[in-house]
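# Inside the fold
Spelled out, the chains give:
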Amino acid sequence: MHVPTIERTRDAAQSPRSAAPQPDGPRLEALSAPLAWHVVKGIALTIITLGIYRFWYRTALRRYYWNNTRLAGDRFEYTGTGKELFIGFLIAIAIVIPIYLIVTLVGLVGGAVFGPVVASILGALIMPAVVQVLSYRARRYRLLRTRYRGLRFHQTGTGIGYLMRTLKWLILTGLTLGIIYPYLRRALERYKIEHTWYGSARGSFSAPVKPMMKMWLLMWGLVVGAMIAGSMVSVAAAMGSGGGFFGALVGLIVSVVLLPIVWQAFRVREFRAFVGGTKIGDISLSSDLRTGSVIWVWISYYLMLTVLLVGGFMLASYLAVGRMGYFDPEDVRDFIAAGHGQVAIVTGIVAVGVASAIVTELFLRRRLWALRARSITVYNLASLDQVLQSAAQETGGVGEAFDSGFDIAG
Amino acid sequence: MDVAGRYFDGVRPVVQEVRLRRVAQGLEIALPDGRQPVLWLYGETRIDDVGVEAHLHRVREDLDTGERLIADGVVFREIFGSVLTQFGKGRAGEASRRRVMFWSLAAVGSLLFLYFVGLAAFARLAAPLVPWSWEVALGRSVEPQVLEIFSKGKPAKTCGTEGGAGKAALEAMVARLSAGAKLPGQLRVDILDVGVTNAFALPGARIYLFRPVIEKAQDPDEVAGVLAHEIGHVIHRDSMRALVHNGALSLIISAVLGDFTGSSTIAILTNMMVGSAFSRENESEADMVSVDLMRRAGADPRAINRFFQRLASVEPGKRTIFDAFSSHPITADRIAEVEKLAGAPASATPVLDARQWQALKTICAEPNPGG
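Only a predicted model underlies this, so the values are computations on that prediction, with no experimental measurement involved. (Residues numbered from 1 in each chain as written. Chains lettered and ligands numbered in written order. Predicted model: local features only at pLDDT ≥ 70, side-chain atom pairs only at ≥ 80, totals over all residues. Heavy atoms only, no water.)

## Regarding the overall build of chain B
Rules: Think of it this way: any DSSP run of H or I at least four residues long counts as a helix, any run of E at least two long counts as a strand, and we number them from the N terminus. Buried residues are those whose accessible area, probed at 1.4 Å on protein chains only, stays under 20% of the maximum for their type, while exposed residues exceed 50% and partly exposed ones sit between those limits. Any two residues whose heavy atoms approach within 4.5 Å at even a single point are treated as in contact. Here the Shrake-Rupley method, with its probe set to 1.4 Å, supplies the accessible areas, and only the displayed protein chains count as covering residues.
Within chain B, the secondary structure is distributed over twelve helices and ten strands. Residues classed as buried in chain B amount to 47% of the 371 residues present. Considering only contacts in chain B between residues 6 or more positions apart, those separated by 24 or more positions represent 63%. Carbon and sulfur atoms make up 59% of the accessible area of chain B, which amounts to about 18,000 Å² in all.

## Side note on a nonpolar patch on the surface
Keep this limit in mind: Surface patches are drawn from residues lacking salt bridges whose relative accessible area is over 30%; two like charges belong together within 9 Å, two nonpolar side chains (Val, Leu, Ile, Met, Phe, Trp, Tyr) within 5 Å. The term salt bridge refers to a side-chain nitrogen of Lys or Arg lying within 4 Å of a carboxyl oxygen of Asp or Glu.
Judged by side-chain polarity, Leu-249, Leu-252, Ile-253, Val-256, Val-257 and Ile-261 of chain A come together as a nonpolar surface patch covering roughly 510 Å² of accessible area. Judged by relative accessible area, Val-257 of chain A falls into the partly exposed class, the value being 43%.

## Thoughts on the sheet that holds strand E4 (residues 146-148) of chain A
Residue and element names in this part refer to chain A. Here is the rule: Strands qualify as paired when DSSP identifies two bridges or more between them. Interaxial angles span 0 to 180 degrees and are taken between N-to-C directions of axes, which are lines fitted to C-alpha atoms, for helices over the stretch in contact.
Judged by pairing direction, the sheet is antiparallel, and its ten strands sit side by side in the order E1-E2-E3-E4-E5-E6-E7-E8-E9-E10 without closing on themselves. Two strands bound the open sheet, and with one partner strand each, they are strand E1 (28-30) and strand E10 (376-379). Strand-to-strand, the axes of this sheet are offset by a mean angle of 30 degrees, without reference to chain direction. Bridge count between strand E8 (residues 278-280) and strand E9 (residues 283-287): two bridges; the pairing is antiparallel. Bridging from a neighbouring strand, Ile-280 pairs with Ile-283 of E9. Sheet contacts for helix H4 (residues 54-67): strand E2 (69-71), strand E3 (74-78) and E4; angle to E3, the most-contacted strand, approximately 160 degrees. On the sheet, helix H8 (residues 181-194) packs against strand E6 (196-198), strand E7 (201-205) and E8 and is oriented at approximately 165 degrees with respect to E7.

## A few points about the domain arrangement of chain A
All names here are of chain A. To keep it simple, the criterion reads: Domains are outlined according to an automatic or database domain assignment. Each of two parts loses accessible area, computed with a 1.4 Å probe, when they are put together; buried area is these two losses added.
Taken as a whole, chain A is organised into domain 1 (4-18 + 31-286 + 386-405) and domain 2 (290-374). In this complex, domain 1 contributes 23 residues to the contact, which on the side of domain 2 involves 15 residues. Taken together, the two surfaces of domain 1 and domain 2 that pack against each other cover about 1,500 Å², and 72% of this comes from carbon and sulfur. For the interface between domain 1 and domain 2, the tally reads zero salt bridges. Residue assignment for the side of domain 1 that touches domain 2 shows that the elements contributing at least two residues are helix H3 (36-48), H4 and helix H10 (244-276).

## Quick word on the interface of chain A and chain B
The following threshold applies: The term polar contact refers here to a pair of N or O atoms within 3.5 Å; inside protein, the definition further demands a hydrogen-donor-capable atom paired with an acceptor-capable atom, and it admits residues adjacent in sequence only when both atoms are side-chain atoms. Here the nonpolar group is Ala, Val, Leu, Ile, Met, Phe, Trp, Tyr, Cys and Pro; Asp, Glu, Lys and Arg are the charged ones; every other residue, Gly included, is treated as polar.
Listed as interface residues are 53 residues of chain A and, on the opposing side, 45 residues of chain B. Linking chain A to chain B there are six salt bridges. Here Asp-64 of chain B ties to Arg-147 of chain A by a salt bridge, and the two come within 3.4 Å at their closest N and O atoms. At the junction of chain A and chain B, the tally comes to eight residue pairs in polar contact (both at pLDDT 80 or more). Sorting the residues of the side of chain A that touches chain B by element identifies H3, H4, E3, helix H5 (82-114), helix H13 (339-374) and helix H14 (397-405) of chain A as the ones contributing at least two each. Its residues assigned to classes, the side of chain A that touches chain B shows 31 nonpolar, eleven polar and eleven charged.

## Let's talk about the environment of Val-83 of chain B
All names here are of chain B. Take Val-83: it is sitting in the loop between helix H1 (73-80) and helix H2 (97-126). Sequence separation between Val-83 and Val-338 is 255 residues; the distance between their C-alpha atoms is 77 Å. With sequence-adjacent residues up to four places away left out, Val-83 is seen in contact with Arg-22 and Tyr-42.

## What about the sheet that holds strand E9 (residues 199-202) of chain B?
Residues and elements named next belong to chain B. Strand order in this open sheet of three strands is E8-E10-E9, and the pairing throughout is mixed. A strand with exactly one partner marks an edge of an open sheet, and here the two such strands are strand E8 (188-192) and E9. The sheet shows a mean angle of 20 degrees between the axes of neighbouring strands, direction not considered. Sheet topology note: the E9/strand E10 (residues 206-210) ladder contains four bridges and is antiparallel. The residue of E10 that forms the bridge with Ala-199 is Leu-209. Against the sheet, helix H6 (residues 220-235) makes contact with E8, E9 and E10, and its axis sits at roughly 150 degrees relative to E10, the strand it touches most.

## Section: H3 of chain A
Here is the rule: Take the residue count of a helix, subtract one, and multiply by 1.5 Å to get its expected span.
The terminal C-alpha atoms of H3 of chain A lie 18 Å apart, and with 13 residues this matches the ideal 18 Å at 1.5 Å per residue to within 8%. Phi for Leu-50 of chain A, located one or two positions after H3 of chain A, is positive at around 55 degrees.

## A closer look at the state of the cysteines
Residue and element names in this part refer to chain B. For clarity, the threshold we go by: Defined by distance alone, a disulfide is two cysteine sulfur atoms within 2.5 Å.
Within the structure shown, the criterion is met by one disulfide over all chains. Covalently, Cys-159 is tied to Cys-364 through a disulfide, its sulfur atoms 2.0 Å apart. On the sign convention where negative is left-handed, the bridge of Cys-159 and Cys-364, at about 90 degrees about the S-S bond, is right-handed. Placement of the pair is Cys-159 in the loop between helix H3 (132-150) and helix H4 (165-178) and Cys-364 in the segment after helix H12 (354-361), with a sequence separation of 205 residues. Judged by its relative accessible area of 23%, Cys-364 is partly exposed.

## Notes on the pairing of strand E5 (residues 151-155) of chain A
Residue and element names in this part refer to chain A. The buried count for E5 comes to five of five residues, which makes it a mostly enclosed element. Sheet topology places E4 next to E5; two bridges connect them, and they run antiparallel. Among the inter-strand pairings, Arg-147 is bridged to a residue of E5, identified as Arg-152. Linking two consecutive strands that pair antiparallel, namely E4 and E5, is a turn of two residues; a positive phi of about 50 degrees is found at Arg-149 within it. As defined by bridge partners, E5 adjoins E6 across three bridges and the pair is classed as antiparallel. Within E6, the residue paired with Phe-153 across the bridge is Tyr-198.

## Observations regarding the packing of aromatic side chains
Residues and elements named next belong to chain A. Applicable threshold: Note on ring pairs: Phe, Tyr and Trp rings are taken, using the six-membered ring of Trp, and paired if centres are within 6.5 Å. Classes follow the plane angle, with under 30 degrees stacked, over 60 edge-to-face and the rest tilted. We call a charge positioned above a ring when the Lys NZ or Arg CZ atom is no farther than 6 Å from the ring centre and deviates by at most 35 degrees from the ring normal.
Summed over the entire model, instances satisfying the criterion amount to 34 aromatic pairs over all chains. Considering the side-chain rings of Phe-55 and Phe-86, the 5.9 Å spacing of their centres and the 55 degrees angle between planes classify their relative orientation as tilted. Here the residue Phe-55 occupies a position in helix H4, and Phe-86 occupies one in helix H5, the gap between them amounting to 31 residues. Its relative accessible area of 13% is what places Phe-86 among the buried residues. Three or more aromatic residues link up through ring pairs in this structure, and these residues are Phe-55, Trp-56, Phe-86 and Phe-89. Taking the ring centre of Phe-89 as reference, the NZ or CZ of Arg-54 above it sits at 5.0 Å. The side chain of Arg-372 reaches across the aromatic face of Phe-271, ending 6.0 Å from its centre.

And the structure:
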């Protein structure tokens, strides 16, 4: 069992690499090719086909992101197809849903024998466990469909192994009240990277936790502090003291403004540490992703969403009752009672959903992808000439389709 | 005419500067250092895209060889523009049409099976396993909304007063019917002061009869028959079955439609449309309980049929016989089935005596300060 302190000494032993001066290498490029048309077309067709087109849409998006990520002038390639995802989906429908119902039933019957507590624990655990296994399998599919300069990536390791590691670290994290959460993140990343291959070159991983730990402790302290403050505020309010409003305001600022910022700062440090700790064969990486630019992407994204929602609400209310932004409850009730009112409401919800999906792809995912890609420098690219395509053949058959059907992690 | 290209051999990720030339069978790639040129047959050559750059890859025996070729897009079009139709299509290892067909049919078959057999069976097995206390809590939480829907937005009023003669009569009826019945929990029955002919059982053994059920009945056994039918739903935990059924169905619908924006809305709407009624099977089972309870109580098991048939003749022209009994569609089959189950007519004593029946009849006329 890995005990955190042991991990840390191991870091210290392996750290010289980062201390050694690195010759400069090329950066990953993120080309800014037009994406809006793919997104609009993909979402429209997904709606028209009642969701079936989503597999082709997802494939188109991946192809976009992969193809526009370049290293030393050559692009990454996504060779997966919508049809593969679709087949996997069909298999999931044909086999997995019936099995899932049976498993649920067995869980419930177990609950009837051992009591409702066991049933609810089983019910609460089965689904996340299955998702964890499947997300690892889905990563395998994506790597198998990723090529650079003609050579394929692939992934070894098993979903169950990944799940076991997750469980172990969840227990440890729970026992330490969440303080060692960065170690959990690192352990999972280590499992993924060490089972990642590019041709014959295997991934290795040795990231220090220290650069992330400060930000995590701040995050942890804020959450615990907010919880303590929250209970004190409610006690003060119960006692009729006047500090309640002020306390609530502070709590609101902490939870709505400060926590997301600290969380993003933590994620950026984590990204830099994990990228810097990753080696594929003799190729090493580093990232100089900046917290400020990531947070700005998030802020502008939320501003856009807010404008979208407020605008949509104003327009809807204008169309509904002919007045901007003011609702007479009677009007609303009449409106909802009328059949066309319900149709308008459902249409409005769908329209806002579609609009925010477009904004999310164009102004959040694409920007974050570009920031992350451009932050990465690749060293020792010359060692690529020692890499060979591994002997493993391109796989086919049901196993592969299973992977693609469980391609749920997005 | 040839064009400069970047070639990757699929074995090592190292670029080779090559010259690319059109020959009769395909593309000839002249390697540096005077090595043997590589020939890609047209059928093996797949075009990823031709823009500023032309990106090509090679597929042999349905395997991606990993070979890649990149050339200037404009020059490539100049050389190969006239033979583009001869190039192969698609990616390696793509599922055949037969495989797509097979799994499509399997998926559709699975969905049909689930919809018509599997979900009902699942609901039947799973519903009794849900703790009774959960069902009671659930019933309490949905009760206000359901009542508001039935009383059309006005505050719902129940008839009778605590300790009044009407309530006493109703309780006597409930007690006689439920004696010996295997109930999952304490029954609570009330008359709802709403002018539609209906009755329903909420989760948690909560039964509501609507005022017209009592007004239109000619004897206490007719009311008792309807009440016994609702007790049947309680015994079989049909509302929990419906809930499990609809919950599982909406999960499946959202799995089919994907977690895409708005699909959950569609799933909920579909669910509302699909899940408005108990299944025919559940209704028949409740009828069986009704006949059984009525016979045990020494009352007339056919009374419920008389009630339904009289309503049908009073209110002709409706698609369902019972106006608002849409959640309990009455069919000729069900009436015949009850007739059969009831067996030979035997002497029956009404569940309530004349005085109690009178009290029940006037329960909604009692002054009701509570509401």
